[in-house]
Amino acid sequence: MLKNIIKRNFFTRMDSYFYEELIPNYVFGLLFFTFLLLLNQLFYLIKLYTVYNVPLGQVFLLLFNLIPFILSYTIPIAILPAYLITMGRLSTDSEIVAMRSCGISTIRIFVPGLTFGIFIMFFSFFFNDNIVIRANEIYVRLNTKVISQKPAVELKEKAFLEIGDYKISFERLSYDNNIEILHNLSVVDLKGRKTIQADMGRIYLDPENPEHYVLKFMNGSISEVTKTKSFTETNSTTEEKF
């Protein structure tokens, strides 16, 4: 009996016709908004592979675990434009007028869209609780692993990155036998009042202590500002080349 009631009120021929119009529009909107929100991250993932030589397998794993996070936004967002497009098409072809002339109430015409929206709401709850959280954890862990293996990912050309009491910048990045080379490297020691400049340098994970990074310089110099005790004397600067 319950089955007949549900079928009579929610799965009639009119409902099936409405879903045939609504679902393709929803899928198109879902793909469109997902691609739109994913576009910015795609540039980041492509850069990981082309510039920083991150293995392609790791890049695809990052993408695979990033998509659920994007879908958590686009799954509910795509409902409204899909419903508006569907109702607009039915209204343009006077099909809503035909339904009303057959004695179908306005509320009954809106029931399929409301039913679909409730279904998407419950699916979103399940999707977020069981898939998105797990995928986010994997993505953060993979991204942290990539950064630990390729520290230059966090650095941007011609921009300072502040790490503790240090500011690091470089003009360009190149690779020599899969080894990252930073050119025209500058490091400012804010606490020690020192500036280190080098023609080339490397940044890599300390093999003895994975929580620390090692900076190696080539053809550089150290400039240190010595603070004087008297206000009338100017600060002196010493430079040491290495």
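Because the structure is a prediction, the values reported are computed rather than measured.

## A look at the nonpolar core
Judged by nonpolar contacts, the single largest core of 21 residues is most densely connected at Leu-45, Leu-48, Val-54, Leu-62, Leu-182 and Leu-185. Put simply, the parts of the chain that give this core at least two residues each are helix 2 (13-50), helix 3 (56-77), helix 6 (106-149), strand 4 (179-189) and strand 5 (194-205). Per-element accounting of this core gives the leading share, five residues, to helix 3. When sequence neighbours within four positions are dropped, the list of residues in contact with Leu-185 reads Ile-168, Ser-169, Phe-170, Ile-196, Gln-197, Ala-198, Gly-201, Leu-215 and Phe-217. Membership of the second largest hydrophobic core comes to 20 residues, among which are Ile-75, Met-87, Leu-90 and Ile-109.

## Some details on a nonpolar patch on the surface
Nonpolar side chains collect at one region of the surface, where Leu-114, Ile-118, Met-121, Phe-122 and Phe-125 lie side by side and expose about 520 Å² of accessible area between them. Relative to the helices and strands, Met-121 resides in helix 6.

## Describing the packing of helix 2 against helix 4 (residues 79-92)
Running from amino to carboxyl end, helix 2 crosses helix 4 at an angle of 140°, the nearest separation of the two axes being 8 Å. One element, helix 2, and the other, helix 4, form an angle in the oblique class. In this structure, the crossing between helix 2 and helix 4 has a hand that is right-handed. Residue-level inspection shows Tyr-17, Phe-18, Glu-21, Leu-22, Asn-25, Tyr-26 and Phe-33 of helix 2 in contact with helix 4, the latter providing Ile-79, Pro-81, Ala-82, Tyr-83, Ile-85, Thr-86, Met-87, Arg-89 and Leu-90. Among the residues making up the contact of helix 2 with helix 4, the classes are represented as 12 nonpolar, two polar and two charged.

## Observations regarding the confidence of the model for the chain
In this model, the chain carries a mean pLDDT of 79, and residues with pLDDT of at least 70 account for 77%. Ranking the helices and strands of the chain by mean pLDDT puts helix 3 first, with 92, and strand 7 (residues 236-241) last, with 50. Below a pLDDT of 50 lies the segment residues 231-237, which in the model reaches 13 contacts outside its immediate sequence neighbourhood of four places, other chains included.

So, how was this worked out
- Residues numbered from 1 in each chain as written.
- Predicted model: local features only at pLDDT ≥ 70, side-chain atom pairs only at ≥ 80, totals over all residues.
- Heavy atoms only, no water.
- Core = buried A, V, L, I, M, F, W, Y, C linked by side-chain atoms within 4.5 Å.
- Buried < 20%, exposed > 50% of the residue type's maximum accessible area, 1.4 Å probe, protein only.
- Helix = DSSP H or I, 4+ residues; strand = E, 2+ residues; numbered from the N terminus.
- Contact = heavy atoms within 4.5 Å.
- Patch = residues over 30% accessible without salt bridge, like charges linked within 9 Å, V, L, I, M, F, W, Y side chains within 5 Å.
- Areas by Shrake-Rupley, 256 points an atom, 1.4 Å probe, with all protein chains shown as cover.
- Salt bridge = Lys/Arg side-chain N within 4 Å of Asp/Glu carboxyl O.
- Axes fitted to C-alpha atoms, helices over the stretch in contact; angles between N-to-C directions.
- Parallel < 35°, antiparallel > 145°, perpendicular 65-115°, else oblique.
- Left-handed = near helix turned anticlockwise from the far one by under 90°.
- Nonpolar A, V, L, I, M, F, W, Y, C, P; charged D, E, K, R; others polar.
- pLDDT = per-residue confidence, 0-100.

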